[in-house]
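Residues per chain are reported as follows:
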Amino acid sequence: MEILELTALELGKKIKAGEITVKEAVQAVIDRAKEVEPVINSYVTLDEAGAFAQAEEIQKKIDAGELTGPLAGVPVAIKDNMCIKEQLTTCSSKILSNFKPTYTAEAVENLKKAGAVIIGKTNMDEFAMGSTTETSYYGPTRNPHNTAHVPGGSSGGSCAAVAAGECFGALGSDTGGSIRQPSSFCGVVGLKPTYGTVSRYGLIAYGSSLDQIGPVAKDVSDCAAFLEAIASHDSKDSTSIDRDDYDFTSALENNAKGLKIGIPKDYMGDGLDPEVRQAVLRAAKVLEENGAVVETFDLGLVKYAIPAYYTIASAEASSNLERFDGVKYGYRTEEYEGLHNMYKKTRSEGFGPEVKRRIMLGSFVLSSGYYDAYYLKALRTKALIKKEFDKAFEYYDIILGPAAPTTAPELGKSLSDPLKMYLGDIYTISVNLAGLPGMTVPVGKDKNGLPIGMQMIGNAFEEKTLIRAAYTYECATGKQYETMADISKAAADTTAEKEVPGHGKTV
């Protein structure tokens, strides 16, 4: 079996047994990245020299018995909105195209403690604002299953890198579905934990009350192992929660007996692609056949989730992005007259159209005269949505539905209609508003060969219930993940993006 066909846990076992060296594992993903990156564009920075240096150090610790965890020696990728000391961290934006942090994000530190090898930083929608990874300053990422289509977003680079075999797992961030939706589009497993489970220290904020770091992996077992590695209480993050149980891999049980699963009627109605609906209902049937009780029910307030989400997220973004002004760090315009002119030109030149759109919307809803009418009303709606989920979880262990209304759209089709792009988040954003855990699992493909993902939502701190159900489905159907065919063949029909000035890619 080739190295790239292994899962992260399978690779970890072979490294521990001495069958594969850490250097060989790193070499395999570096070679793969060099082969497919001109087409896929998953990475902003690929740290080849740093990865081999880490591999040598980690191999010594494994040989000495100092590193015994299941992810020791496994190559992983990090979304480019998580700080790594002295490594380019851009949020895929021109305004941070030269920014190198002085510290490392806590979730990344936890991965390093587990012995994982950090390969590089993945492409994303600029400041995580988008659903297709097309708003990146470094050009769009392409879906490995069909390079004419998007990988989803904003964690599209992380999901595409896992799907294309350019790493064995990755970290993404989820503000309104940014792990779950691209995982669905790319045919991988993605998990957004309960808010506060994974430290946000070192995550460059988009919407502080909504953002949460989570893992992307080839299968459910890998996803559980990565979550176990990164989850921890962190005193540096005021929203971090000290949980009693971080043993997520113990939930890998092939048993759905006793689980009550609810499918919201609102999620399966108009606007949902028939092929997606059929695939999700087939998956629900599999869980039912394995002991779960599956019912449909009414989940209220769904139609209010999108306006509430974009009001709150944009308001928080307008505040969080005030710091990027050309003074302390990042890009500064070359020609300006006076301080205020420097602010305006720096931000005008440094931010892309989608980021500017959300900053302006956020500034508007926070402005005098509109704060009560929009922002406070959105916060009240958020609280009501949480109450609706609380009511649902009195009866159900899991809420099941699609991760997105369709499979991955073609490149260039979404950005021309931002409102349509926003509506594509209908199934995912409520999870962030309510601070709940959500997980996407591949459940098939459409007639064009594009992956379809099923989303499972759990009550707060019930990640283990999601993992158990997802693992049961995976065991019943066989792993949906497949090693991608030679993607480089698609290069003949795909024009690679031109190199962007200031791009940190080292391949």
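Summary of the structure given here. Keep in mind it's a predicted model, so treat the numbers as computed, not measured.

**Regarding the nonpolar core**
For step 1, the next point in the chain: Among the nonpolar cores identified, the biggest contains 151 residues, and Phe-127, Phe-389 and Met-439 are the most heavily contacted of them.
For step 2, the next point in the chain: Discounting residues that sit within four places of it in the chain, Met-439 has contacts with Arg-180, Val-189, Gly-190, Leu-191, Val-220, Cys-223, Met-454, Gln-455, Met-456, Leu-466, Ile-467 and Ala-470.

**Regarding the packing of aromatic side chains**
For step 1, the next point in the chain: Across all of its chains, the model carries 14 aromatic pairs by this definition.
For step 2, the next point in the chain: Between Tyr-309 and Tyr-310, the ring centres sit 4.8 Å apart and the planes meet at 85°, which makes this aromatic pair edge-to-face.
For step 3, the next point in the chain: Overall, the relative accessible area of 3% leaves Tyr-309 in the buried class.
For step 4, the next point in the chain: Judged by its relative accessible area of 6%, Tyr-310 is buried.
For step 5, the next point in the chain: Taken together, the ring pairs in this structure connect Phe-99, Phe-127, Phe-324, Tyr-329 and Phe-351 into an aromatic cluster.
For step 6, the next point in the chain: One cation-aromatic arrangement involves Lys-236 over Tyr-201; the distance from NZ or CZ to the ring centre is 5.0 Å.

**Thoughts on the pattern of salt bridges**
For step 1, the next point in the chain: In this structure the tally under the stated criterion is 18 salt bridges.
For step 2, the next point in the chain: We note a salt bridge from Glu-57 to Lys-61, for which the minimum N-O separation is 3.6 Å. In this pair, Glu-57 and Lys-61 are both assigned in helix α3 (residues 48-63), four residues apart and thus about one turn of the helix distant.
For step 3, the next point in the chain: With a relative accessible area of 47%, Glu-57 lands in the partly exposed category.
For step 4, the next point in the chain: Several salt bridges share partner residues, and in doing so they unite Glu-106, Asp-234 and Lys-236 into one network.

Scoring rules and cut-offs
Residues numbered from 1 in each chain as written. Predicted model: local features only at pLDDT ≥ 70, side-chain atom pairs only at ≥ 80, totals over all residues. Heavy atoms only, no water. Core = buried A, V, L, I, M, F, W, Y, C linked by side-chain atoms within 4.5 Å. Buried < 20%, exposed > 50% of the residue type's maximum accessible area, 1.4 Å probe, protein only. Contact = heavy atoms within 4.5 Å. Phe/Tyr/Trp six-rings, centres within 6.5 Å; stacked < 30°, edge-to-face > 60°. Lys NZ or Arg CZ within 6 Å of the ring centre and 35° of its normal. Salt bridge = Lys/Arg side-chain N within 4 Å of Asp/Glu carboxyl O. Helix = DSSP H or I, 4+ residues; strand = E, 2+ residues; numbered from the N terminus.

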